[in-house]
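One letter stands for each residue in the lines below.
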Amino acid sequence: MNPIYLLLDIDGVLIPFPGPDGSIPSTHVRHRVVPAGRTPDDPVAVWLDPAHGPLLMDFLADSPLTPIWCTSWREDATGIIGRLLGLPDFPHLDLPRPRITTSHPAGYFWKRDHVDAWAGKSAIAWIDDDFTALDHHWAAERTARGYPTLLVQPSPYSGLRSEQLVIVKEWAASPTAHHRAS
């Protein structure tokens, strides 16, 4: 059986953006981290929910999904964020560093073309907070061509919820996720 990939973003999914009033969910704990390209005297503050690590580990323990980081954090996804959450090393999709001023320069999510090229005919469940209607249309077309695709879009202000992982788990167990074009 071919792998079914779980593409997982970080910003807006595991690290929420401040709400309109500047608030972060009370479940999240502040960390100061030094991602690639930064120096120890210029750390970045991130807020993580410590429950996300065990939640993801439980989810993946009995799941057919192969996790892949799909984030601008690149290798820091595992080296920083994954370690803070107690996650094992996941590979990451090597996304470029685009020179864009919006996440949707062509009306759809900038990561999509890279994901499409990388995924090929593989089934993917992709969790990200930044999809547009054009991305959902792309996922439906991809599925119709025999390449099962599920997009799950958490609120960027609250991040990933357990009920969203239930949606992914049910999809991954369904015949739809396992049906592939030859």
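Being a predicted model, the structure only gives us computed values, none of them experimental.

Q: Describe the side chain of D135, with residues and values.
A: With respect to the helices, strands and loops of the structure, D135 is situated in helix α4 (residues 133-144). Contacts of D135, omitting those with residues within four sequence positions, involve Y108, F109, R112, D130 and L151.

Q: I'd like a rundown of the layout of surface pockets, residues and numbers included.
A: Put simply, the largest pocket is a space of about 250 Å³. Forming the boundary of the largest pocket are 13 residues, of which D9, D11, S72, W110 and K111 lie nearest the centre. For the lining of the largest pocket, the per-class residue count stands at three nonpolar, two polar and eight charged.

Q: With reference to specific residues and values, describe the pairing of strand β5 (residues 123-127).
A: Counting buried residues in β5 gives five out of five residues, a clear majority hidden from the surface. Where burial is concerned, the two faces of β5 agree: the one with A123, A125 and I127 and the one with I124 and W126 are both buried. Bridging between strand β1 (residues 4-8) and β5 involves five bridges; their strand directions are parallel. Each residue of the ladder has a partner; that of Y5, found in β5, is I124. Bridge count for β5 against strand β6 (residues 149-152) is four bridges, and the pairing is parallel. In the strand pairing of β6, I127 is matched with V152. A crossover links β5 with its parallel partner β6, the connecting element being α4, and its sense is right-handed.

Q: Quick rundown of helix α3 (residues 112-119)? Include the residues and the values.
A: For an α-helix, 3.6 residues make a turn, and residues three or four places apart therefore share a direction. Inspection of α3 places R112, V115 and A119 among the buried residues, and these make up the whole buried set. Along the axis of α3, the buried positions cluster into a sector of 65 degrees, meaning they face one direction only. Residues of α3 that are buried sit in contact with β1, β5 and α4. Of the residues flanking the end of α3, it is G120, one or two places downstream, whose phi is positive at about 55 degrees.

Q: Help me get a handle on the environment of R74, residues and values and all.
A: Considering the arrangement of structural elements, one finds R74 in the loop between β4 (65-69) and α2 (76-85). Each C-alpha atom of the pair R74 and V34 lies 13 Å from the other, and the pair is 40 residues apart in sequence. Those residues in contact with R74 that sit more than four places away from it in its chain are H92, L95, P96 and R97. A distance of 2.5 Å separates the side chain of R74 from the backbone oxygen of S72, its partner in a polar contact.

Q: Now, about the sheet that holds β5: what can you tell me, with residues and values included?
A: If you walk across this open sheet you meet the four strands as β4-β1-β5-β6, and the pairing is parallel. The open sheet has two edge strands, β4 and β6, and neither has a second partner. Neighbour-to-neighbour, the strand axes of the sheet open up by a mean angle of 20 degrees, direction not taken into account. Lying on the sheet, α3 is in contact with β1, β4 and β5; it crosses β5 at an angle near 150 degrees.

Q: Can you explain the pattern of salt bridges? Please cite residues and give values.
A: Counted under the stated rule, the structure contains seven salt bridges. Taking the shortest distance from any N to any O, the salt bridge between D42 and R38 comes out at 3.1 Å. Here D42 falls in the partly exposed class, since its relative accessible area comes to 37%. Residue classification places R38 among the partly exposed positions, given a relative accessible area of 36%. The salt bridge partner of D89 is R83, with a shortest N-O separation of 3.6 Å. A relative accessible area of 52% means that R83 is categorised as exposed. Salt bridges linked by common partners bring D9, K111 and D128 together as one network.

Q: Let's hear about the packing of aromatic side chains: which residues, and what values?
A: Scanning the entire structure with this criterion turns up six aromatic pairs. Centre to centre, the rings of F109 and W126 are 5.9 Å apart; their planes meet at 25 degrees, and the pair counts as stacked. Of the two residues, F109 is situated in the loop between α2 and α3 and W126 in strand β5; the sequence distance between them amounts to 17 residues. Each member of the aromatic cluster is reached from another via a ring pair, and the members are F109, W126, F131 and W138.

What counts, and at which threshold
Every residue gets a number counted from 1 within its own chain, in the order that chain's sequence is written. Selection of residues for local features in this predicted model requires a pLDDT of at least 70, selection of side-chain atom pairs for listing and counting requires 80 or more, and totals for whole chains, interfaces and linings are taken over all residues. Water and hydrogen atoms were dropped before computing side-chain values, which therefore reflect all heavy atoms in the structure. Helix and strand definitions follow DSSP, with helices as H or I runs of at least four residues and strands as E runs of at least two, each counted in order from the N terminus. Any pair of residues with heavy atoms lying within 4.5 Å of one another is described as a contacting pair. In the cavity and pocket records, a cavity denotes points on a 1 Å grid over the protein atoms alone where a 1.4 Å probe fits but cannot get out, a pocket denotes an open set with protein on both sides within 12 Å along at least 5 of 7 lines, and lining residues are residues with an atom within 4 Å of a point. Grid points are joined across faces, edges and corners, and a volume is the space filled by probe spheres set on the points. Three classes are used: nonpolar for Ala, Val, Leu, Ile, Met, Phe, Trp, Tyr, Cys and Pro, charged for Asp, Glu, Lys and Arg, and polar for all others, with Gly counted as polar. Under the scheme applied here, a residue whose accessible area is under 20% of the maximum for its type counts as buried, over 50% as exposed, and between as partly exposed, the area being computed with a 1.4 Å probe on protein chains only. Whether two strands pair depends on DSSP finding at least two bridges between them. The definition of a right-handed crossover adopted here requires that, viewed with the strands pointing away, the path from the first strand over the helix to the second runs clockwise. Comment: arc refers to directions from the helix axis out to C-beta atoms. In protein, a polar contact requires one atom able to donate a hydrogen and another able to accept it; more generally it is a pair of N or O atoms within 3.5 Å, and residues adjacent in sequence count only if both atoms are side-chain atoms. Note on method: axes are straight lines fitted to C-alpha atoms, helices fitted across the in-contact stretch only, with angles between N-to-C directions ranging 0 to 180 degrees. Salt bridge, as used here, is a side-chain nitrogen of Lys or Arg placed within 4 Å of a carboxyl oxygen of Asp or Glu. Ring pairs shown here join Phe, Tyr and Trp side chains whose ring centres sit within 6.5 Å, with only the six-membered ring taken for Trp; geometry is labelled stacked below 30 degrees between planes, edge-to-face above 60, and tilted in between.

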